[in-house]
Amino acid sequence: SFIGEMDLWCTNQEFWDIGAGDEEEHATMLFNYLYYLVSMNKSSTAVAKNAPKSHPSFYPTDEFIQNESVFLVMGKAVPEGSTVYVLLRDRNRKSSNSSSRGFGAINFLVINPCTGAVCSAVDPNCPLREIEILATPYNLWANIQVDSRPSSVNYNVLNGDLWCPFFTS
């Protein structure tokens, strides 16, 4: 362990081989599992035709990005400090604010990958206090919103006034 000096992220295979890891490895493994389950569920929908293929040069359509359901979240939490969580869109929850169109905090669940604790992004007791970066298999988005609390964030990563993509199409 390199506590305080360096933080190394293991691949999923290294995580399995070692049999131990911290929140980054747990979050990455949980993200991959949930992403797989969601993608299998989407395979029979119209959105699936726009899904990224395994070819690395393919960048998904805006429609696919807007329908994304699972994100890896880098941010700050209590008591961990800098940490990695998983964010899952809950399509069964409806916002009273019609302008959020499914991108409001009410539509998302926050998952602590080490404890398995799940809470709504609008829960004032949510241990995740700041969202700095959202990640998917094809991009990273830096949160440039003034208020980075999960309950206040608009999760529409295509809005350039709120999110700055690392890669552009």
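Residues numbered from 1 in each chain as written. Predicted model: local features only at pLDDT ≥ 70, side-chain atom pairs only at ≥ 80, totals over all residues. Heavy atoms only, no water.

## Re unusual backbone geometry
Step number 1: Here the amide bond leading from V78 into P79 is cis, since omega sits at 10°, within 30 degrees of zero.
Step number 2: For P79, the position within the fold is in the loop between β1 (70-77) and β2 (81-89). (Helix = DSSP H or I, 4+ residues; strand = E, 2+ residues; numbered from the N terminus.)

## Focus on the environment of D22
Step number 1: With respect to the element layout, D22 can be found in the loop between α1 (12-18) and α2 (23-42).
Step number 2: For the pair D22 and T83, spaced 61 residues apart in sequence, the C-alpha to C-alpha distance is 9.4 Å.

## Some words on the nonpolar core
Step number 1: Among the nonpolar cores identified, the biggest contains 35 residues, and V86, L87, V110, L128, L134, Y155 and W163 are the most heavily contacted of them.
Step number 2: Elements represented by at least two residues in this core include exactly α2, α3 (62-66), β1, β2, β3 (108-111) and β5 (128-136).
Step number 3: Beyond its immediate chain neighbours, meaning those up to four positions away, L134 contacts F71, L72, V73, L87, N139, L140, W141, Y155, V157 and W163. (Core = buried A, V, L, I, M, F, W, Y, C linked by side-chain atoms within 4.5 Å. Buried < 20%, exposed > 50% of the residue type's maximum accessible area, 1.4 Å probe, protein only. Contact = heavy atoms within 4.5 Å.)

## Quick notes on the packing of aromatic side chains
Step number 1: The full count for this structure, using the stated rule, is six aromatic pairs.
Step number 2: Aromatic pair F108 and Y155: ring centres 4.4 Å apart, planes at 40°, arrangement tilted. Remark: Y155 occurs in the loop between β6 (139-143) and β7 (163-165) and F108 occurs in strand β3; sequence separation between them is 47 residues. As far as burial versus exposure is concerned, F108 and Y155 are alike and both buried.
Step number 3: The interplanar angle of 90° and the centroid separation of 4.8 Å between the aromatic rings of F166 and F167 together place this pair among those described as edge-to-face. (Phe/Tyr/Trp six-rings, centres within 6.5 Å; stacked < 30°, edge-to-face > 60°.)

## Observations regarding the pairing of β6
Step number 1: The alternating pattern of β6 places N139, W141 and N143 on a buried face and L140 and A142 on a face that is not buried.
Step number 2: Bridge count for β5 against β6 is four bridges, and the pairing is antiparallel. Residue L134 lies in a different strand from β6, and its bridge partner there is W141.
Step number 3: Between β5 and the antiparallel strand that follows it, β6, lie two residues. (Pairing = 2+ DSSP bridges.)

## Some words on the sheet that holds β1
Step number 1: The antiparallel open sheet is built from seven strands, whose spatial order is β4-β3-β2-β1-β5-β6-β7. Whereas interior strands pair on both sides, the edge strands pair on one side only; in this sheet they are β4 (118-120) and β7. Within this sheet the neighbouring strands show an average axis-to-axis angle of 35°, counted without direction. (Axes fitted to C-alpha atoms, helices over the stretch in contact; angles between N-to-C directions.)

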